[in-house]
Amino acid sequence: MTFDALRSLRPISFALIAGLLPAAAQAAEHTLDGVNFMGPLITPNPAGLPKGNAFIEPYLIRIDSDRYFDGEGRRHDSDGRSAAWLTVVPIAYGLGQRVTAQVNLSASRAETGSDRSRGFRAGDTTAMVQYLLQAPNEDGTRPAISVSLSQRYATGSYDRIDGNPLNAQGDGVQRTTFGLGMQQVVWLPNGRPLRWRGQLSASPAPARVAINDHSVYDTPDGFRGNVAPGSLIGLSAAGEYSFNSRWVGVFEFAVSRQSDRHLSGYAPGADGTMQRIDERHPGSRNVTLAPAVQYHFSPSVGLIAGVEFTVAGRNTGSYINPQVALGMFF
């Protein structure tokens, strides 16, 4: 194992599998020499990076959605189809033997029917620092355990968007997230490694966000007010099976829940006077799966391709996101 993707928010079933395997299958004579993993699509790397090393993994993601889940969890067709091209570039660096820092940069181009955003526009930016509580041993059978703190900054546009909601590539929320991650290698009876990892993340409700004019929250021109975003909790888990030094199969799932959101303020009415707006939007939930495959050109360069798709939810869109990323370890 030489490198891993570090990603933001998203290990129980894999831990149960590990517990059922014979102890002999996890014996210390196994070695990770010649085994390459680059991590799944969603769940971040709890083991971090060695001091002085960097990892860059640019993503290209296609987002497609033409259905949604109502408050009862039933899926319906949307009035129209929405889509976007999204690029995300995680850049991680090992600050110390136990400390890894990372920044995620993003940009996207959105479309709905014949409407388009004005080219690729910068999205929100996330910075993270991770501390390794327990380092793995050489064969990976001792779990790597870490805690993380990440901060998302509202660098993407979200209001005053000139009447075109597709120009909004952020939500204005400065969100702080705490994470707990774990990772372990299980050696199967055929001598090949299965690596599982999991991440539990929690974000308290952030401060209210001031909103002016047209915004991502569907407010009209002349609106003056704010939105109170809800808290957020997420769980993701993944397994990677190494067929050989070049090919790795990946399966992953993620669950997230966001609490109620409250939009309040004033907007011009038909008679020109300011009218009170007070809207409460119920909390949302979604469950996604993300199968993928990795191909390793060398121990320091690998490609991952897969698709994340929604299988269940409440008050949220149903989407399918094909994606590909190139991981490079320095």
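Provided above is the structure to which this section pertains.
The structure presented is a predicted model; accordingly, all values stated were derived computationally and were not measured.

Peer 1: I'd like a description of the nonpolar core, backed by residues and values.
Peer 2: Counting residues in hydrophobic clusters, the biggest one holds 19 residues, and the most contacted among them are Leu 41, Tyr 59 and Ile 304. Of all elements in the fold, only strand E2 (59-69), strand E3 (75-94), strand E9 (176-187) and strand E14 (247-258) reach the threshold of two or more residues within this core. When sequence neighbours within four positions are dropped, the list of residues in contact with Ile 304 reads Met 38, Gly 39, Pro 40, Leu 41, Glu 57, Ala 292, Val 293, Gln 294, Gln 323, Val 324 and Ala 325. Ranked by size, the runner-up nonpolar core spans 10 residues in total, among them Tyr 158, Val 173, Val 227 and Leu 263.

Peer 1: Got a sec to walk through the pairing of strand E20 (residues 316-329)? Specific residues and values, please.
Peer 2: With two bridges connecting them, strand E1 (residues 54-56) and E20 associate as antiparallel partners. If you follow Ile 56 over to E20, its bridge partner there is Met 328. Across seven bridges, the pairing between E2 and E20 is antiparallel. Bridge pairing in E20 links Asp 64 to Ile 320.

Peer 1: Go over a nonpolar patch on the surface with me, naming the residues and quoting the values.
Peer 2: A contiguous nonpolar patch, built from Leu 60, Trp 85, Phe 120, Phe 297, Leu 303 and Val 324 and spanning about 520 Å² of accessible area, is present on the exposed surface. The residue Val 324 is located in strand E20 in this model.

Peer 1: Any chance you could break down the pairing of E3 for me, citing the residues and the numbers?
Peer 2: In the sheet, E1 pairs with E3 via three bridges, with the strands oriented antiparallel. Residue Phe 55 lies in a different strand from E3, and its bridge partner there is Ala 92. Examined bridge by bridge, E2 and E3 share 10 bridges and lie antiparallel to one another. For Asp 64, the partnering residue across the bridge sits in E3 and is Ala 83. The hairpin formed by E2 and E3 contains five residues between the paired strands, and Gly 73 there has a positive phi angle of roughly 85°. Bridge count for E3 against strand E4 (residues 99-112) is 13 bridges, and the pairing is antiparallel. Bridge pairing in E4 links Ala 92 to Gln 102. Here E3 folds back onto E4 in antiparallel fashion, the turn holding four residues.

Peer 1: Explain the sheet that holds strand E15 (residues 261-268) to me, using residue names and the numbers behind them.
Peer 2: Here we have four strands laid out as an open sheet, ordered E11-E12-E15-E16, and antiparallel in their pairing. Two strands in the sheet have a free side with no partner beyond their single neighbour: strand E11 (209-212) and strand E16 (274-281). Adjacent strand axes in the sheet meet at a mean angle of 20° when their direction is disregarded. Bridging between E11 and strand E12 (residues 224-228) involves four bridges; their strand directions are antiparallel. For Asn 212, the partnering residue across the bridge sits in E12 and is Arg 224.

Peer 1: Just give me the short version of the pattern of salt bridges, but keep the residues and values in it.
Peer 2: In a structure, side chains of opposite charge can pair up when their charged atoms sit close to one another. All chains considered together, the criterion is met by eight salt bridges. Of the charged contacts in the structure, one is a salt bridge between Asp 171 and Arg 152, with a shortest N-O distance of 2.8 Å. Of this pair, Asp 171 sits in the loop between strand E8 (144-153) and E9 while Arg 152 is found in strand E8, placing the two residues 19 residues apart along the sequence. For Arg 152, a relative accessible area of 22% corresponds to the partly exposed category. Here Arg 195 ties to Glu 240 by a salt bridge, and the two come within 2.7 Å at their closest N and O atoms. With Arg 195 in strand E10 (residues 193-203) and Glu 240 in strand E13 (residues 232-242), this pair connects stretches of sequence that are 45 residues apart. Given the relative accessible area of 0%, Arg 195 is considered buried.

Peer 1: So what's going on with the packing of aromatic side chains? Which residues, and what values?
Peer 2: By the definition in use, this model includes three aromatic pairs. Both rings, one in Tyr 241 and one in Phe 243, keep their centres 4.9 Å apart while their planes meet at 90°; by these two values the pair is edge-to-face. Summarising the aromatic geometry, the rings of Tyr 295 and Phe 297 are spaced 5.1 Å apart at their centres and angled 80° between planes, so their arrangement reads as edge-to-face. For Tyr 295, a relative accessible area of 25% corresponds to the partly exposed category. Among the aromatic residues, ring-to-ring pairing joins Trp 247, Tyr 295 and Phe 297 into one connected group.

Peer 1: Tell me about unusual backbone geometry, and please be specific about residues and values.
Peer 2: The phi angle of most residues is negative, glycine excepted, and most peptide bonds adopt the trans form. Within the chain, Asp 213 stands out as a residue other than glycine whose phi angle is a positive 60°. One can find Asp 213 in the loop between E11 and E12. Among the residues examined, Asp 213 registers a relative accessible area of 14% and is labelled buried. Backbone geometry at Asp 218 places phi at a positive 60°, although glycine is not the residue there. Within the secondary structure, Asp 218 is located in the loop between E11 and E12.

Peer 1: Residues and numbers for the environment of Gly 172, please.
Peer 2: For Gly 172, the location among the structural elements is in the loop between E8 and E9. Residue Gly 172 is classed as buried on the basis of its relative accessible area, which comes to 7%. Separated by 17 residues in sequence, Gly 172 and Thr 155 have C-alpha atoms that sit 7.8 Å apart. Each residue touching Gly 172, except ones within four places of it in the same chain, is listed here: Ala 154, Tyr 158 and Val 209.

The rules we used
- Residues numbered from 1 in each chain as written.
- Predicted model: local features only at pLDDT ≥ 70, side-chain atom pairs only at ≥ 80, totals over all residues.
- Heavy atoms only, no water.
- Core = buried A, V, L, I, M, F, W, Y, C linked by side-chain atoms within 4.5 Å.
- Buried < 20%, exposed > 50% of the residue type's maximum accessible area, 1.4 Å probe, protein only.
- Helix = DSSP H or I, 4+ residues; strand = E, 2+ residues; numbered from the N terminus.
- Contact = heavy atoms within 4.5 Å.
- Pairing = 2+ DSSP bridges.
- Patch = residues over 30% accessible without salt bridge, like charges linked within 9 Å, V, L, I, M, F, W, Y side chains within 5 Å.
- Areas by Shrake-Rupley, 256 points an atom, 1.4 Å probe, with all protein chains shown as cover.
- Salt bridge = Lys/Arg side-chain N within 4 Å of Asp/Glu carboxyl O.
- Axes fitted to C-alpha atoms, helices over the stretch in contact; angles between N-to-C directions.
- Phe/Tyr/Trp six-rings, centres within 6.5 Å; stacked < 30°, edge-to-face > 60°.

The values reported here are purely geometric and, on their own, carry no functional implication.
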